[in-house]
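Structural overview for review
The lines below spell out each chain.
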Amino acid sequence: MNNTRITRIDLTPLHVPFHQHVRDLMAGSAGGLGMAIPAEEEWLGGDFVVCALHDDQGRVGWSEVFVWLPETGASPGQIIDIVRGALSRYVLGESPFNVERIAHRMESNVARSEAAKGLLDMACYDLAGRISGLAVCELMGGACAREIPLCALVPLMDTASMLGIGRMFFDEGYRSFRLKVGTGIEDDVERIRAFRETFGAGVRLRVDYNQAYTPARAVRAIRAIEPYGIDFAEQPVAASDYAGMAYVQRLVDTPLMAHESCFSLRDFTALADLGAVRVLGVNSERPGGLTLALRAIAVAESRGMGVVIHNQPLGLASAMHLHLAAARFHALGHAVELFGHIMMEDDIIASPIEYSGGKAVLPDGPGWGVEPDPSALDRYRTAETTTITG
């Protein structure tokens, strides 16, 4: 099996609009984005790059990455450019089973570019699974769970509206909630208290500040909600303020998680060494594919930290996140956040992943266990596919 070689890379940029009701909710929310992040542009849908890796026997492995300029700092076109101009040379001619070698060469020769590296890395895993006839989770040691508990996302709105969204998710079976906060300490307390009083001690709550506060104010904000039982607080201060994150973490009992601050494995280890975080957040773009996600989870587990898998992907990357969660289920400690199937108007896979009762079912079959839908790829593409053959 290791004799096979990657001979071609196809890269397709996509834009998938949000459901109209999601766009309406955002338009009526704080800042028009449903979060405290101060971006100015409307957010009307998801931008993605889909990768198809071809081997010398005509088999194809698939992956996708989600990009959003206020956080990722890269557009689909830039992802494609860095793969075409640099990263492709460390993939073409390689075996898709050589993920460690490919990851090492990409890391050694190209700085940052985590989303682009992750795109190629994940496609290698799907291709290796298809060649071997194994699910990707089996390539990582096997599934520790087949049904993955999910966490609901509640956007930043007035308290009554947030409770209404929470009730919808609760009635569907969700028992973990991520609440967007950050418009003021009193507002934050009102929202968190209302959720705890409405849904009781049996639900788990996490909050996301999206960089809303200074370090001193973040300490006061987190201390104010700690009586209501918070699993962790995400990114309370500016992304660049590692010292501020460490200051906050020293002065509050609630574990912190970095998101906008944390893209690479080095970012995570630096934050952990500073005592700035006690929860790791990973996804398909951070720290850059499955190979580095596995390394990051191993570091977190060795330090007794929890792990959160979170993103708003389409079906290819949703399957990837579920395989990662299944294979490392014992190391997580927190429900998985997957929102793409809720936010996007449609998907790009032929058969949907099963979501019910606040859980997702691990797809069956080789690789990710899902197949792309060519008609959906054509419908949502924003430019012609870029083909790279070396």
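Owing to the predicted nature of the structure, the values given are computational and were not obtained by experimental measurement.

Moving on, we get to the overall build of the protein chain. If you tally the helices and strands in the protein chain, you get 16 helices and 15 strands. Taken against the 2.2 N^0.38 rule, which gives 21 Å for 390 residues, the C-alpha radius of gyration of the protein chain at 20 Å falls within 12% of a compact globule. For the protein chain, the spread of C-alpha atoms along the three principal axes comes to 60 × 40 × 40 Å. When burial is assessed residue by residue, the protein chain has 59% of its 390 residues classed as buried. Across the protein chain, every contact between residues at least 6 apart in sequence was considered, and the portion connecting residues at least 24 apart equals 77%. Accessible surface, the protein chain: about 14600 Å² in total, of which carbon and sulfur atoms supply 49%.

Counting buried residues along strand β11 (residues 306-311), six of its six residues qualify, which places the element largely inside the surrounding structure. Because side chains alternate across β11, one face comprises the buried residues Gly306, Val308 and His310, and the other comprises Val307, Ile309 and Asn311, equally buried. Summarising the sheet, strand β10 (residues 279-282) and β11 pair through four bridges and their orientation is parallel. Residue leucine 280 lies in a different strand from β11, and its bridge partner there is valine 307. Looking at chain direction, β11 and strand β12 (residues 337-338) are connected through two bridges and run parallel.

Before going further, it helps to examine empty space enclosed by the protein. Tallying each qualifying case throughout the model produces three cavities of 30 Å³ or more. When its volume is computed, the largest cavity comes out at roughly 60 Å³. Taken together, the residues of the lining of the largest cavity break down into three nonpolar, three polar and three charged. Considered as a void within the structure, the second largest cavity measures approximately 40 Å³ in volume. Lining the second largest cavity, in full, are Cys262, Phe263, Ser264, Leu265, Phe268, Leu280, Gly281, Arg286, Pro287 and Ala296. Residue assignment for the lining of the second largest cavity shows that the elements contributing at least two residues are α11 (265-273) and β10.

Our next topic: the packing of α11 against helix α12 (residues 290-302). α12 packs onto α11 with a crossing angle of 10 degrees between their chain directions and a minimal axis gap of 10 Å. As far as their axial angle goes, α12 and α11 are roughly parallel. Across from Leu265, Phe268 and Thr269 in α11, the residues of α12 making contact are Arg295, Ala296, Val299 and Ala300. Of the residues in the contact of α11 with α12, the class split is five nonpolar, one polar and one charged.

Here we have three strands laid out as an open sheet, ordered β4-β14-β13, and antiparallel in their pairing. Only two strands of the sheet have a single neighbouring strand rather than two, namely β4 (147-149) and β13 (355-356). In the sheet, β13 pairs with strand β14 (residues 359-361) via two bridges, with the strands oriented antiparallel. Note on β14: the bridge partner recorded for tyrosine 355 is alanine 360. Across the face of the sheet, helix α13 (residues 315-327) comes into contact with β4, β13 and β14 while running at roughly 95 degrees to β4.

With that settled, consider a negative patch on the surface. Together, Asp158, Glu186, Asp187 and Glu190 make up a region of like negative charge exposed at the surface. Tracing the sequence through the fold places glutamate 190 in helix α8 (residues 185-199).

Counted by the stated rule, this structure contains zero disulfides. Of all cysteine sulfurs in the structure, the one in cysteine 51 sits closest to cysteine 124, which takes part in no disulfide; the separation is 8.1 Å. Its relative accessible area of 1% is what places cysteine 124 among the buried residues. Free of any disulfide, cysteine 137 has its nearest neighbouring cysteine sulfur in cysteine 144, separated by 9.1 Å. Judged by relative accessible area, cysteine 137 falls into the buried class, the value being 1%.

What counts, and where the lines are drawn
- Residues numbered from 1 in each chain as written.
- Predicted model: local features only at pLDDT ≥ 70, side-chain atom pairs only at ≥ 80, totals over all residues.
- Heavy atoms only, no water.
- Helix = DSSP H or I, 4+ residues; strand = E, 2+ residues; numbered from the N terminus.
- Rg over C-alpha atoms; globule rule 2.2 N^0.38 Å.
- Buried < 20%, exposed > 50% of the residue type's maximum accessible area, 1.4 Å probe, protein only.
- Contact = heavy atoms within 4.5 Å.
- Areas by Shrake-Rupley, 256 points an atom, 1.4 Å probe, with all protein chains shown as cover.
- Pairing = 2+ DSSP bridges.
- 1 Å grid on protein atoms, 1.4 Å probe; cavity = no way out; pocket = protein on both sides within 12 Å on 5 of 7 lines; lining within 4 Å.
- Points joined across faces, edges and corners; volume = space filled by probe spheres on them.
- Nonpolar A, V, L, I, M, F, W, Y, C, P; charged D, E, K, R; others polar.
- Axes fitted to C-alpha atoms, helices over the stretch in contact; angles between N-to-C directions.
- Parallel < 35°, antiparallel > 145°, perpendicular 65-115°, else oblique.
- Patch = residues over 30% accessible without salt bridge, like charges linked within 9 Å, V, L, I, M, F, W, Y side chains within 5 Å.
- Salt bridge = Lys/Arg side-chain N within 4 Å of Asp/Glu carboxyl O.
- Lys, Arg positive; Asp, Glu negative; His and termini not counted.
- Charge placed at Lys NZ, Arg CZ, Asp CG, Glu CD.
- Disulfide = S-S within 2.5 Å.

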